[in-house]
Amino acid sequence: MIKKQAVCGTLQSNDCFVRITEGESEGIRLHIESTVKETFGTQIEETIMRKLEDMGVASCNLYIEDKGALDYTIRARVETAVKRSDE
């Protein structure tokens, strides 16, 4: 499903920057950098994984630089990056 690299988002406060690339093998590899990772890292990971699963993505590399984005922002950024990667 991931055909090419795609990005979405900004590095402004309360937002996140998402970059998705084709996976080299089966499975999803997450690379998370976040100003709130110590407190919300698990929740960020679960939000991303749930959205990718809902969209049928089984293999990719996803890089996220989070600046305190809320869950709905993370979901929207991931969804847009996935859709852009399939264009």
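Residues numbered from 1 in each chain as written. Predicted model: local features only at pLDDT ≥ 70, side-chain atom pairs only at ≥ 80, totals over all residues. Heavy atoms only, no water.

(A) Spotlight on the sheet that holds strand E1 (residues 6-9). Spatially, the four strands line up as an open sheet ordered E1-E2-E4-E3, and their pairing is mixed. Lying at the two open borders of the sheet, with one neighbouring strand each, are E1 and strand E3 (27-34). Each adjacent strand pair in this sheet contributes to an overall mean axis angle of 15°, direction not counted. Bridging between E1 and strand E2 (residues 16-22) involves four bridges; their strand directions are antiparallel. Across the sheet, Val7 pairs through a bridge with Arg19, a residue of E2. Against the sheet, helix H1 (residues 37-54) contacts E2, E3 and strand E4 (59-66), and its axis sits at roughly 145° relative to E3. Where helix H2 (residues 71-85) meets the sheet, its contacts fall on E1, E2 and E4, and the angle it forms with E1 comes to roughly 155°. (Pairing = 2+ DSSP bridges. Helix = DSSP H or I, 4+ residues; strand = E, 2+ residues; numbered from the N terminus. Axes fitted to C-alpha atoms, helices over the stretch in contact; angles between N-to-C directions. Contact = heavy atoms within 4.5 Å.)

(B) Here's a closer look at the pattern of salt bridges. In total, this model carries four salt bridges according to the counting rule given. As a salt-bridge pair, Lys51 and Glu79 come within 3.1 Å of each other at their nearest N and O atoms. Of this pair, Lys51 sits in helix H1 while Glu79 sits in helix H2, and the two are 28 residues apart along the sequence. Accessibility expressed as a relative area gives 16% for Lys51, which makes it buried. Judged by its relative accessible area of 25%, Glu79 is partly exposed. Measuring nitrogen to oxygen at the nearest pair gives 2.8 Å for the salt bridge that ties Glu79 to Lys83. Highlighted residues: Glu79 and Lys83, both in helix H2, separated by four residues, approximately one helical turn. Using a relative accessible area of 48% as the deciding quantity, one classes Lys83 as partly exposed. Taken together, the shared-partner salt bridges in this structure form one network comprising Lys51, Glu79 and Lys83. (Salt bridge = Lys/Arg side-chain N within 4 Å of Asp/Glu carboxyl O. Buried < 20%, exposed > 50% of the residue type's maximum accessible area, 1.4 Å probe, protein only.)

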